[in-house]
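Here is what each chain is made of, one letter per residue.
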Amino acid sequence: MLAMMVLVQTLDWMLVLKSLLVGVIGGAVVLFLMVSKNRSVHAKQEANDYIRKGSLHLRDRRDVYLYRRVEKERREQK
Amino acid sequence: MQYECPNCGGKVQFDSASQQMKCPYCDSEFSVEALRERDEILSAQAQDDMNWETPETTWEQGEAAGMHAYVCQSCGGQIMTDQTTAATKCPYCDSPVILSGQVSGELKPQYIIPFRVDKEAAKAALRKHFEGKPLLPKVFKDTHYIEEIRGVYVPVWLFDAEADACILFKAEKRRTWSDAQFHYKETKYFNCVRTGSIAFAHIPVDGSSKMDDTMMESLEPFSFDGAAGFQTAYLSGYLADKYDVSAEDSIARADQRAKQSVELAFRETVQGYDSVTLDVSGVKLKNGKAVYALYPVWLLNIRWNDQLYPFAMNGQTGKFVGNLPVDKGAAAKWSFIGMAIFTVLAFVFQLIFM
């Protein structure tokens, strides 16, 4: 009992909370990956398998520069 | 004439200090030449113009002799088979079917892809589909229903087309550097124009309302190289569904997929940038042609917990698809195990390195 009280007082609860948060996210990822193995029916958004080989011909190919933007952030002074 | 800002859409104005066009809303600056060229591109965008030619061939007198038509008493689906093959259950909803008469007077398929994968391979594929699925309920794997797999020719519309497109992309190049006082991040913005053409052959669209479209697309690709001119002899031993979704009603789906592929193909020619996004797309389809064909699919329905689970296998390539149920107890168990492992690893990692 005394040992438990000492443990509770000395334990870094922030450390435990962060670990639990990582654990919850990890558990959710594991569940998502396992459920996705049970799913194999998906709509096809494109028709890439049905493009005639060699039929892509570009008549015009232009890259036009528009403008630039520069952002700056002051460095931390040590 | 007023130009719109390519960044925020506001009206840009001439800035005498920089001698450039400047947007008063987002402070972006552009050369007059760049804005004029962009405006020309936007004005010249081709509007979508999808026109398709659809088939008109029907069964001739006597051609369908010996073909029986069945009707499902539950879903109303109509299937046909040759006179040597008996149909007792609907391949889509598992309900009994009744003989409704001879096949005649309807649109005849022009092509058929014969079955290349036999029933034994279909059964093996189903068993394999259940393997390595820890969340699959154990009782689901009872394979006594495996004999009920049926080979069905599913009606599809196949669309050929040539696409002409003019597509505008927004692209960015980024770089960072620092000096003694500041960190700098520069982003350069570009408009990338791609104009050209691309052709498609045999885009399939499911012509049966009873066959789930998503499931049929999951089975792709089907290779038309394996197709033959339709003859009733190919149907022997198999069921064949009749189309009940017209070519006109299927066109929209083919359009959508073709357009997406055109944009993706053109997008791949925009290279050397850190990010590329689609801005304006104009795709014009021409010389559109649709043909009616039958594609081979092995079908099986499994009823479990009052829910029907359909499974399908591509009868040409052997690709197997079908969503499986999830055992909630197993899901909870594995989630807890995963959570425990990650919690312990995170705890130890923080103790050692922080």
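Residues numbered from 1 in each chain as written. Chains lettered and ligands numbered in written order. Predicted model: local features only at pLDDT ≥ 70, side-chain atom pairs only at ≥ 80, totals over all residues. Heavy atoms only, no water.

Focus: the overall build of chain B
Part 1: The secondary structure content of chain B amounts to five helices and 15 strands.
Part 2: Buried positions account for 50% of the 354 residues belonging to chain B.
Part 3: Contacts in chain B between residues far apart in sequence, at least 24 positions, make up 74% of those at least 6 positions apart.
Part 4: Of the roughly 17000 Å² that chain B leaves accessible, carbon and sulfur atoms contribute 50%. (Helix = DSSP H or I, 4+ residues; strand = E, 2+ residues; numbered from the N terminus. Buried < 20%, exposed > 50% of the residue type's maximum accessible area, 1.4 Å probe, protein only. Contact = heavy atoms within 4.5 Å. Areas by Shrake-Rupley, 256 points an atom, 1.4 Å probe, with all protein chains shown as cover.)

Focus on the overall build of chain A
Part 1: Helix and strand counts for chain A stand at two helices and one strand.
Part 2: The linear arrangement of helices and strands in chain A, starting from the amino end, is α-α-β.
Part 3: Residues classed as buried in chain A amount to 23% of the 78 residues present.
Part 4: In the structure as shown, chain A presents an accessible area of about 6200 Å², 62% of it carried by carbon and sulfur atoms.

Observations regarding the pattern of salt bridges
Part 1: Throughout the structure, instances matching the rule amount to 13 salt bridges over all chains.
Part 2: Among the ionic pairs, Arg194(B) bridges to Asp63(A), the shortest N-O distance being 2.9 Å. Taken as a pair, Arg194(B) in strand β10 (residues 182-206) and Asp63(A) in strand β1 (residues 57-74) lie in two separate chains rather than in one.
Part 3: Given the relative accessible area of 36%, Asp63(A) is considered partly exposed.
Part 4: In this structure, the salt-bridge partner of Glu217(B) is Arg253(B), at a minimum N-O distance of 2.8 Å. One end of the pair, Glu217(B), is in helix α3 (residues 213-218); the other, Arg253(B), is in helix α4 (residues 247-267), and 36 residues separate them in sequence.
Part 5: Salt bridges sharing partners connect three or more residues here, namely Arg68(A), Arg175(B) and Glu186(B). (Salt bridge = Lys/Arg side-chain N within 4 Å of Asp/Glu carboxyl O.)

A few points about the packing of helix α2 (residues 13-37) of chain A against helix α5 (residues 328-353) of chain B
Part 1: It is at 7 Å that the axes of α2(A) and α5(B) come closest, and there the two elements cross at 140°. Judged on the interaxial angle alone, α5(B) and α2(A) are oblique. The handedness of the crossing between α2(A) and α5(B) is right-handed.
Part 2: Across the contact of α2(A) with α5(B), the residue classes tally to 15 nonpolar, eight polar and one charged. (Axes fitted to C-alpha atoms, helices over the stretch in contact; angles between N-to-C directions. Parallel < 35°, antiparallel > 145°, perpendicular 65-115°, else oblique. Left-handed = near helix turned anticlockwise from the far one by under 90°. Nonpolar A, V, L, I, M, F, W, Y, C, P; charged D, E, K, R; others polar.)

Topic: the state of the cysteines
By definition, a disulfide links the sulfur atoms of two cysteines through a covalent bond.
Residue and element names in this part refer to chain B.
Part 1: Counting across every chain of the model gives zero disulfides over all chains.
Part 2: No disulfide involves cysteine 26; its nearest neighbouring cysteine sulfur is the one of cysteine 5, lying 3.6 Å away.
Part 3: On the accessibility criterion, cysteine 26 (16% relative accessible area) is buried.
Part 4: In this model cysteine 192 remains outside any disulfide bridge; the closest cysteine sulfur is found in cysteine 166, 12 Å from its own.
Part 5: Using a relative accessible area of 0% as the deciding quantity, one classes cysteine 192 as buried. (Disulfide = S-S within 2.5 Å.)

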